[in-house]
Each structure stands twice: as structure tokens, then as C-alpha cells.
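# Observations on the model geometry
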Amino acid sequence: MGCCGSSLLRKPIPEDKVHQRQSHSNGKNNHAIPPANGGDTGGVGSSSVPTFAEFSLADLKAATNNFSPDFIVSESGEKAPNVVYKGRLQNQNNRRWIAVKKFTKLAWPDPKQFVDEAWGVGQLRHKWLANLIGYCCDGDERLLVAEYMPNDTLTKHLFHWENQTIEWAMRLRVALYIAEALDYCSSEGRPLYHDLNAYRVLFDESGDPRLSCFGLMKNSSDGKSYSTNLAYTPPEYLRNGRVTPESVTFSFGTVLLDLISGKHIPPSHALDMIRGKNILLLMDSHLEGNFSKEEATVVFDLASRCLQYEPRERPNAKDLVETLDPLQNKPEDIIGRRKQNWQAFDGFYCFF
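Residues numbered from 1 in each chain as written. Predicted model: local features only at pLDDT ≥ 70, side-chain atom pairs only at ≥ 80, totals over all residues. Heavy atoms only, no water.

Looking now at the overall build of the chain. Counting its regular elements, the chain contains twelve helices and nine strands. Every one of the 352 residues in the chain was classed for burial, and the buried ones make up 55%. Across the chain, every contact between residues at least 6 apart in sequence was considered, and the portion connecting residues at least 24 apart equals 69%. By element, 48% of the accessible surface of the chain is carried by carbon and sulfur atoms, the whole surface being about 15800 Å². (Helix = DSSP H or I, 4+ residues; strand = E, 2+ residues; numbered from the N terminus. Buried < 20%, exposed > 50% of the residue type's maximum accessible area, 1.4 Å probe, protein only. Contact = heavy atoms within 4.5 Å. Areas by Shrake-Rupley, 256 points an atom, 1.4 Å probe, with all protein chains shown as cover.)

For the coordinates displayed, the defined rule picks out eight aromatic pairs. With 6.5 Å between their ring centres and 85 degrees between their planes, Phe103 and Trp108 make a pair best called edge-to-face. Both residues of the pair, Phe103 and Trp108, belong to the buried class. When the ring of Trp168 is compared with that of Phe291, the centres are 5.9 Å apart and the planes differ by 55 degrees; the resulting orientation is tilted. You can see Trp168 sitting in helix H5 (residues 168-187) and its partner Phe291 sitting in the loop between helix H9 (279-282) and helix H10 (293-306), a full 123 residues away along the chain. Judged on exposure class, the residue Trp168 and its partner Phe291 are both buried. Every member of this aromatic cluster is reached through a ring pair, and the members are Phe103, Trp108 and Phe114. Taking NZ or CZ as reference, Lys86 lies 4.9 Å from the ring centre of Trp97, over its face. Here the guanidinium or amino end of Lys102 rests over the ring plane of Phe67, the centre of that ring lying 5.3 Å away. (Phe/Tyr/Trp six-rings, centres within 6.5 Å; stacked < 30°, edge-to-face > 60°. Lys NZ or Arg CZ within 6 Å of the ring centre and 35° of its normal.)

Pairing between the strands of a sheet is mediated by backbone hydrogen bonds and can be parallel or antiparallel. With respect to topology, three strands assemble into an open sheet ordered E5-E9-E8, the strand pairing being mixed. The outermost strands of the open sheet, each flanked by one partner alone, are strand E5 (129-130) and strand E8 (201-203). Two strands pair when backbone bridges link them, and E8 and strand E9 (residues 209-212) are joined in this way by three bridges, in the antiparallel orientation. The residue of E9 that forms the bridge with Val201 is Leu211. (Pairing = 2+ DSSP bridges.)

In this section: the nonpolar core. Ranked by internal contacts, the top residues of the largest apolar core, which has 75 residues, are Phe114, Leu144, Leu154, Trp168, Leu182 and Phe252. Looking at which element gives the most residues to this core, the answer is H5, with 13 residues. Two domains each put at least three residues into this core: domain 1 (53-147) and domain 2 (152-328). Ignoring sequence-local partners within four residues, the contact set of Leu144 consists of Ala99, Val100, Lys101, Phe103, Phe114, Ala118, Leu132, Gly134, Tyr135, Phe214 and Met217. (Core = buried A, V, L, I, M, F, W, Y, C linked by side-chain atoms within 4.5 Å. Domains from an automatic or database assignment.)

Attention shifts here to the environment of Ala169. Checked against the element boundaries, Ala169 lands in helix H5. On the basis of relative accessible area, Ala169 is assigned to the buried category, the value being 10%.

This next bit is on the confidence of the model for the chain. Looking at the chain, the pLDDT average stands at 79 and 74% of residues meet or exceed 70. Helix H11 (residues 317-324) holds the highest mean pLDDT among the elements of the chain, 98, whereas helix H1 (residues 15-23) holds the lowest, 37. Across residues 1-47 the pLDDT falls below 50, and counting only partners more than four positions away or on other chains, this stretch makes 95 contacts in the model. (pLDDT = per-residue confidence, 0-100.)

Quick look at the environment of Leu124 now. Relative to the helices and strands, Leu124 is located in the loop between helix H3 (111-122) and E5. Look at Leu124 and you get buried, because its relative accessible area is 4%. Through-space distance from the C-alpha of Leu124 to that of Gly189 is 9.9 Å; in sequence the pair is 65 residues apart. Non-local contacts of Leu124, meaning those with residues more than four positions away in its chain, are made with Leu129, Asn131, Tyr184, Cys185, Glu188, Arg190 and Leu216.

Here we take up unusual backbone geometry. In the Ramachandran plot, Asn65 falls in the positive-phi region, its phi being about 55 degrees despite a non-glycine side chain. Tracing the backbone through its elements, the reader meets Asn65 in the loop between helix H2 (57-63) and strand E3 (83-88). What makes Asn65 partly exposed here is its relative accessible area of 49%.

Right, let's talk about the side chain of Thr64 for a bit. Among the structural elements, Thr64 can be located in the loop between H2 and E3. Polar side-chain contacts of Thr64 include one of 2.9 Å to the backbone nitrogen of Phe67. Residues contacting Thr64, with those up to four places away along its chain left out, are Phe71, Tyr85, Lys86, Gly87 and Val100. (Polar contact = N/O pair within 3.5 Å; in protein donor to acceptor, adjacent residues only side chain to side chain.)

Our next topic: the packing of H5 against helix H7 (residues 245-261). Across the interface, H5 lies against H7 with an axial gap of 10 Å and an inter-helix angle of 170 degrees. The orientation of H5 relative to H7 falls into the category roughly antiparallel. Together, Trp168, Arg171, Val174, Ala175, Ile178, Ala179 and Leu182 of H5 and Val248, Phe252, Leu256, Leu259 and Ile260 of H7 make up the contact between the two elements. By residue class, the composition of the contact of H5 with H7 is eleven nonpolar, no polar and one charged. (Axes fitted to C-alpha atoms, helices over the stretch in contact; angles between N-to-C directions. Parallel < 35°, antiparallel > 145°, perpendicular 65-115°, else oblique. Nonpolar A, V, L, I, M, F, W, Y, C, P; charged D, E, K, R; others polar.)

The following block contains the structure:
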């Protein structure tokens, strides 16, 4: 299955193919791909997110300078089998920056499965997602195209910052926005997210956190959906190799630990400290005490619930939102400091 042979930069999925692919989606009544000018249920609120489309390999080569190593933006590119490039579309009327994830053929040997999966994820549109805007499946090539996020990853800002750490209010905001993105995906019939971690949380041009859409691709035939240390992997995944909605909640709990501690702490160790009421010892010392103990207690309690060994004892995505939403400060209280924070960061790498 090849990419479009047209000389146009990108070709929206034809109407007849939309209906055809709907019939191949396990009998599910999927929503139509949202138009570029809005109409989404996730509150994108902007006409800048284009309609999901098929790209030609030539277009993506041109956008990434023939997949030049200088365009690689994946922080762990040397360890990951799939590499992410920054690119810029060359169409005269569309010079947007994009992120292009290049898979190995072994990751997606069946081209139809790849296209169907990409099409399914491409239907999603939410303001806290780094939305998928296209794909290319040409011979052995498997590529996804998403919105480009210029302000780096949560990993960078939590663990590798040089000038200023993330303040407490922003950490709460990251937790809520990612929970809202997960809740939206779940409500749209895409509850599975593979290997949720701080690398998957990106920051857009306004300094708002977004969840990478690439983790929504469900294929895990290579058995490597979880690339993090096994100490952070949901226990049920170690037992049967399957990702469930409850597995996603467990991974969200590890992200909460990252946010509140500012370091990687194995969940079992963190749970022991939480049970021992040693919560303050887990807090990130770089916050220098600038956080609410009451709010921190709520977040730690939520993390503890997310990390329960038995999947049925963990909260669902809607529970996460309902717990985190009351902790948010008014936007006007932190928007100025947020912009100030991002002036201090000069990195432009992102990982999907």
C-alpha cells in the first residue's frame, strides 16, 4: 500500500475510503474524521489542526531534509527502534512544523493494520493532545505525522533543567491536562495508551502540556510497548503482555510520582513511603517548600490508588480528572509565571 502519488503536499482521505475503513473497524460505529475548521468534541478551539491526511514519502523526505540526523528530535533516539524527526512542510500555502515518527517495518508488518490504526487515532482531536495529522505507508516505510511541540518534554523540564524547575501549580496543571486527554480518548473508544511516561508529555508553543498521540497506536506485536524500566511497568503487563485501561492508570501513577518528587522512584518504594506517612520526604526539594501540603497529600493519595497491584482497585480516567480538577489555581494566577518559565528554557527537542 503506497502513499498518494499526487504532487500535492497532502491528500485528505477520500470519502469512499472513509466509509470503507469504517466498515473495517471491528464493526464499531466510529465518528468521522473532524474537519480542519473545528467541530471537535475535545475542545481544540482552533482552526489550525488540519484534517487527517495521507502524505507521500517524497513530501516527508523534503520536510525532514531526507530524514537528516540533524532533524532527529527524539531524546532517546539511540535506544528507541522508532525515531522522531522535526520537519517543515514545503507547500507554498502550508509551512507548518510537524513531527514525523519513522517506524521499522517489523513494528508494523501488515500495512493494512498500520493504516487502519493510524486512521483511527487520526480521528481524535483534543486541545491537550499532540494531534495526529497524517500517515505514510509506502513499501516498507511506516510513518506518522503529528503536530510539532516546540517546548520539549516533561522529562527535560523535570529532570534535566538548567535554569528553573517547574513550579507546583504547573505540575498540577500537567497532571490534570494529561488526565483530561486520557479521559477524552477513553470516551472516544481509545482507552489504551502504551508506555505512558514523562517522555510522552510535550509542551506546545504556549507552554501548555500535551499528550503525544503516538502512544495511542495499539500494536505491540514486538513485545516492547513498555520501554521503561521493568520496575515501572504495570504488574499485569509482566504477567500477560497485554495493555488494559487499568494499565494506563498505573502508568499515570508513575507520572504523578515524577511530578511530585522530581525524580524516578520505583512505585513499590514510593508506596512504602506513602504508607509510612513519609510524604514530605518524597517531595521535590527543588520546589523549596513552595507547594500546598494539602494538595500534595491529595496527589500522593491519588498516585497510591493508581499504583495498586490489583487493576480493579485503580481509578478510571474520569476519576483522575475529578480528583485533580479542584486542585487547580485560577489560570490568571499562573499564566504569567508559566510564560516566564518558558523564556528560561532554550531546548527544542521533543520525544513521541
